[in-house]
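Chain and residue survey
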Amino acid sequence: MIEQKILSQAEAEMRVKRSHVQLMRHPETYIWSGLFLLGETHVVDNFPTACTDGKNKYYGRAFISQLEQCELNALILHENLHVGLRHIARFKNLLQECD
């Protein structure tokens with residue numbers, strides 16, 4: 001991570017969009033392109049890192065402001081793979097089975 005000021009909302013959203021485009025064009029990640037279109041992507045101030053609810057993705061503005069572009073690309077792919085691999089739904093079912 002690099003030290004820098006917190007990006008404006010517009011700048012942060014532009015970096016996320018740039019990551020989506022870079023990942024959609026990359027020969028090793030383009031196969032996941034459809035995931036980026038599922039749900040909504042939000043840059044928010046009330047979350048310290050990043051998360052997904054299984055459909056929508058949320059990125060903390062202060063957190064992504066500190067990341068280099070390659071790190072942000074990895075984060076975006078990571079959160080979208082949670083959606084694609086249905087981790088939220090699968091783990092919710094596992095927790096219900098344990099009760």
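Located above this text is the structure these notes cover.
In this report, we go over the structure that sits alongside the text. Sequence order sets the numbering: in each chain, residues are counted from 1 along the sequence as written. Per-residue local features of the predicted model are confined to residues with pLDDT of at least 70, and side-chain atom pairs are confined, for both listing and counting, to 80 or more; whole-chain, interface and lining totals are unaffected and use all residues. Excluded from the side-chain calculation are hydrogens and water; included are all heavy atoms of the structure.

1. Comments concerning a nonpolar patch on the surface
Heads up, the rule is: Each patch is built from residues that are more than 30% exposed by relative accessible area and take part in no salt bridge. Like charges join if they lie within 9 Å; nonpolar side chains (Val, Leu, Ile, Met, Phe, Trp, Tyr) join within 5 Å. Note that accessible areas follow from Shrake-Rupley with a 1.4 Å probe, and for residues the cover is restricted to the protein chains shown. Take a side-chain nitrogen of Lys or Arg and a carboxyl oxygen of Asp or Glu: if they are within 4 Å of each other, that pair is a salt bridge. We count a stretch as a helix when DSSP gives it H or I for four or more residues in a row; a strand needs E for two or more, and each element gets its number in order from the N terminus.
The grouping of Tyr30, Ile31, Trp32 and Leu85 at the surface amounts to a nonpolar patch, some 430 Å² of accessible area in total. In this structure, leucine 85 sits in the loop between helix H4 (69-84) and helix H5 (87-98).

2. Quick notes on the packing of helix H1 (residues 9-25) against H4
Put simply, the rule reads: Axis lines are fitted through C-alpha atoms, for helices just across the contact stretch, and the angle between N-to-C directions can take any value from 0 to 180 degrees. For this classification, under 35 degrees means roughly parallel, over 145 means roughly antiparallel, 65 to 115 means roughly perpendicular, and everything else is oblique. Residues are treated as being in contact if the distance between any of their heavy atoms lies within 4.5 Å. Lys, Arg, Asp and Glu make up the charged group, whereas Ala, Val, Leu, Ile, Met, Phe, Trp, Tyr, Cys and Pro make up the nonpolar group; the residues left over, Gly among them, are polar.
At a minimum axis distance of 9 Å, the contact between H1 and H4 shows a crossing angle of 75°. Taken together, the axes of H1 and H4 are roughly perpendicular relative to one another. Here Arg15, Val16, Arg18, Ser19, His20, Gln22 and Leu23 of H1 come into contact with H4, specifically with Gln69, Leu72, Asn73, Ile76, Leu77 and Asn80. Here the contact of H1 with H4 is built from residues that sort into 5 nonpolar, 6 polar and 2 charged.

3. Considering the side chain of arginine 61
Note the threshold: The term polar contact refers here to a pair of N or O atoms within 3.5 Å; inside protein, the definition further demands a hydrogen-donor-capable atom paired with an acceptor-capable atom, and it admits residues adjacent in sequence only when both atoms are side-chain atoms.
One can find arginine 61 in helix H3 (residues 61-65). Separated by 3.5 Å, the side chains of arginine 61 and glutamine 9 make a polar contact. Each residue touching arginine 61, except ones within four places of it in the same chain, is listed here: Ile6, Leu7, Ser8, Gln9, Ala12, Val43, Val44 and Asp45.

4. A few points about the pairing of strand S3 (residues 57-60)
Cut-off, in case you're wondering: Pairing between two strands is assigned when DSSP locates at least 2 bridges connecting them.
The pairing of strand S1 (residues 41-44) with S3 spans 4 bridges and is classified as parallel. Counted as the bridge partner of valine 43 is tyrosine 59 from S3. Pairing of strand S2 (residues 50-52) with S3 involves 3 bridges; the strand directions are antiparallel. For alanine 50, the partnering residue across the bridge sits in S3 and is tyrosine 59. From the end of S2 to the start of S3, which pair antiparallel, there are 4 residues, and glycine 54 there has a positive phi angle of about 100°.

5. Quick look at the pattern of salt bridges
This model, assessed by the stated rule, comprises 2 salt bridges. Where glutamate 11 meets lysine 5, a salt bridge forms, and the shortest distance between an N and an O atom there is 3.6 Å. One salt bridge in this structure joins arginine 61 and aspartate 45, with 2.8 Å as the shortest N-O distance. One end of the pair, arginine 61, is in helix H3; the other, aspartate 45, is in the loop between S1 and S2, and 16 residues separate them in sequence.

6. Some details on the environment of histidine 42
Looking at the secondary structure, you find histidine 42 in strand S1. Along the sequence, histidine 42 and arginine 61 sit 19 residues apart, while their C-alpha atoms lie 9.4 Å from each other. For histidine 42, the contacting residues outside a window of four places in its chain are Lys57, Tyr58 and Tyr59. In terms of polar contacts, histidine 42 uses its side chain to reach the side chain of glutamate 40, at 3.0 Å.

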